[in-house]
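Residues per chain are reported as follows:
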Amino acid sequence: MTLPVEETPRVEEPLRVLLLGGTGEARRLAGHLAGDPRYDVISSLAGRTADPDLPPGRTRIGGFGGPDGLAAWLRDERIGAVVDATHPFAALMTESAVLAAERTGVPLLVLRRPGWTEGPGDDWRRVPSLEAAAADLPGERVFLTTGRKNLAAFAGDARRWFLVRSVDPPEPPLPPRMEAVLARGPFTVGEELALMREHAIDALVTKDSGSAMTSAKLAAARTLRIPVVMVDRPPAPDGVPIAATVEEAAAWLDRHRPAHEG
């Protein structure tokens, strides 16, 4: 008598995902996928912040060495999908991700939250770059929230006084007349109003990151009738799918999991 041979249950391989992060959306997506056996997620941070807010799960910190280095890493780690959830102004990282995905055939999604929208009572002046912002800057006491590495455009302005806020100390070249405030958001509207009033701020310069964590400064500027110089974000890459929310990104990843026969 021949006994039936029991079939070994097919084990579904998890989709290995590289999550290029550092943003709140990246942390939320990592948290959404954490503990889900269908995914093996590695979050990558650039390492530019001394004490980063680490996402749940596995992380790596540091660069890849450009598009070629990233492509090699994707092959070596057998990555099945890449989600670029870096800052909307991290144009070089996004460019590297696009090129590496093209060279390896790994599917790529760009997760970008929508930008801010001007509303009633706002006085926004949109500009294409920080250099354009510095060239036509209103006010005499200016609040700069453009990041610690983006101050060179204002370094030659010896007439205005600048309040610079960043998580880590700002890097030179710096404006000759400035004060640095080291702080990490989110900030409340009340906190932003108090800060702007304390320093008699009469203009705000910021980048259109679209982050809810840092939008209180825009409400404060509206209340104080302060003009806002808004630096437009770089255009999204052509031919790459874009998700505006963590839920959209999770649905995209679900569609890219390997198909298994029942």
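Just above, that's the structure.
The following refers to the structure shown. Just so it is clear, the model here is predicted, and its values are computed rather than measured.

Calculation criteria
- Residues numbered from 1 in each chain as written.
- Predicted model: local features only at pLDDT ≥ 70, side-chain atom pairs only at ≥ 80, totals over all residues.
- Heavy atoms only, no water.
- 1 Å grid on protein atoms, 1.4 Å probe; cavity = no way out; pocket = protein on both sides within 12 Å on 5 of 7 lines; lining within 4 Å.
- Points joined across faces, edges and corners; volume = space filled by probe spheres on them.
- Nonpolar A, V, L, I, M, F, W, Y, C, P; charged D, E, K, R; others polar.
- Helix = DSSP H or I, 4+ residues; strand = E, 2+ residues; numbered from the N terminus.
- Contact = heavy atoms within 4.5 Å.
- Pairing = 2+ DSSP bridges.
- Axes fitted to C-alpha atoms, helices over the stretch in contact; angles between N-to-C directions.

Considering the layout of surface pockets
Within this model, the second largest pocket holds a volume of roughly 200 Å³. Around the second largest pocket sit 13 residues that line it, and Thr94, Pro234, Pro235, Ala236 and Pro237 are the ones nearest its centre. Its residues placed into classes, the lining of the second largest pocket shows nine nonpolar, one polar and three charged.

Comments concerning empty space enclosed by the protein
According to the stated counting rule, one finds one cavity of 30 Å³ or more in the structure shown. What the largest cavity holds in volume is close to 40 Å³. In terms of lining residues, the largest cavity is bounded by Thr23, Glu25, Ala85, Thr86, Pro88, Leu111, Arg112 and Arg113. Tallied by class, residues from the lining of the largest cavity come to three nonpolar, two polar and three charged.

Describing the side chain of Arg16
You can see Arg16 is positioned in strand E1 (residues 15-20). Dropping the residues within four chain positions of it, Arg16 is found in contact with Asp40, Ile42, Arg58, Glu77, Arg78, Ile79, Gly80 and Ala81.

Quick look at the sheet that holds strand E6 (residues 124-127)
Read across the open sheet, the six strands follow the order E6-E11-E10-E7-E8-E9; overall the sheet is parallel. The open sheet has two edge strands with one neighbour each: E6 and strand E9 (178-182). If you compare each strand with its neighbour and ignore which way they point, the axes differ by 20° on average. Across the sheet, helix H5 (residues 189-198) touches strand E7 (141-145), strand E8 (161-166) and strand E10 (203-207), and the angle it forms with E8 is around 150°. Along the sheet, helix H6 (residues 216-224) contacts E6, E7, E8, E10 and strand E11 (228-231); its crossing angle with E10, the most-contacted strand, is approximately 155°.

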